[in-house]
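# Commentary on secondary and tertiary structure
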Amino acid sequence: MNQIKLFIELTRLKKPIGFMLLFWPCAWGLTLAYDFSSDLNNYFFYLILFFLGSVLMRSAGCIVNDILDKEFDAKVFRTKNRPIASGKVSIKLGMFYALVLCLLAFLVLINFNLFTIILALGSMPLAFTYPLMKRFTYWPQLFLGITFNYGLILGWSAIKGQIDVIPIIFYVGAIFWTLGYDTIYGYQDIKDDEIIGLKSTSIKFKGTAKKFLFTCYSILTILFIAGGYYMNFHYSYFVLLIIPIFHLFFYQVKIFDLKSPSSCLIAFKSNNLFGLIILMNILIVKNL
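Residues numbered from 1 in each chain as written. Predicted model: local features only at pLDDT ≥ 70, side-chain atom pairs only at ≥ 80, totals over all residues. Heavy atoms only, no water.

### Notes on the nonpolar core
- Of all hydrophobic cores here, the largest spans 82 residues; its most connected members are Trp28 and Tyr217.
- The element contributing the most residues to this core is helix α2 (residues 17-33), with 13 residues.
- Apart from residues lying up to four places away in sequence, Tyr217 is in contact with Phe176, Trp177, Gly180, Tyr181, Ile184, Leu248, Phe249, Gln252, Val253 and Asn271. (Core = buried A, V, L, I, M, F, W, Y, C linked by side-chain atoms within 4.5 Å. Buried < 20%, exposed > 50% of the residue type's maximum accessible area, 1.4 Å probe, protein only. Helix = DSSP H or I, 4+ residues; strand = E, 2+ residues; numbered from the N terminus. Contact = heavy atoms within 4.5 Å.)

### So, the side chain of Asn65
- Secondary-structure assignment places Asn65 in helix α3 (residues 40-68).
- Other than its neighbours up to four places away in sequence, Asn65 contacts Arg12, Arg82, Pro131 and Lys134.

### A look at the pattern of salt bridges
- For the structure shown, the criterion picks out 7 salt bridges.
- Notably, a salt bridge pairs Asp69 with Arg135, separated by 3.2 Å at the nearest N-O pair. Placement of the pair is Asp69 in the loop between α3 and α4 (70-73) and Arg135 in the loop between α7 (124-129) and α8 (140-148), with a sequence separation of 66 residues.
- Given a relative accessible area of 23%, Arg135 falls into the partly exposed group.
- For Lys206, the salt bridge goes to Glu194, with nearest N and O atoms at 2.6 Å. Linking Lys206 in the loop between α12 (201-204) and α13 (209-230) with Glu194 in helix α11 (residues 190-196), this pair joins segments that are 12 residues apart in sequence.
- Overall, Lys206 belongs to the partly exposed group, its relative accessible area being 42%. (Salt bridge = Lys/Arg side-chain N within 4 Å of Asp/Glu carboxyl O.)

Everything listed here is a matter of geometry and, on its own, says nothing about what the molecule does.
And the structure:
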């Protein structure tokens, strides 16, 4: 039982926000591409596959992240008790867990078409190296955004069997979404990160944090509007888009206080609701 508890702690399974933020772009891409006049069983089948893949890959990513950041985590108050940083789980056992999770994720992946499988495998090097970026650049959140939102492209290609300009527009917009929310997340550890020499957009823009968030979310909004235009969406899409826009600018940015770790965590977690709202918006207009 103790090993099970450590495994759950290691993979953050009690903190679903991580794998949900990985899942939402997958669901957006799938829903954008799907023809809802056809059999819905395939839609729900793919949705379940993407959810399982998100949980498995996020869990594996957490383990790899903790192995790479073992020495840094031990020096940060919020992360010093993580299983690998505290020595409760060995690196060898952690690697074994990660390999098993990746194998299970591969069994999920092979249910998709060949083009999607190749695209997904091509993203693996970035998926497991982005934790290193905080050592070399103030833009690790950009690499996280490229990795975390890649599922939007996969969701589209799973149905279409190709890449189009439309998912790329939404994908770039989603990258700016991640740039925003992970910058907020980073302010929880900014004091420790500065002391031990790690880099992030949280540190780079700490004097103009809300302006940076406003810029990121403004670009996200423009690109999601453009994406809806190229999809020839019904005008209701643009009306409904007011809801997630309001959430970003008048709730998330407003409550965010870089000096308050608790407000940062609340603002960060609220992005789960944003992901759901965008999915509901797309579903509604696709079924009009």
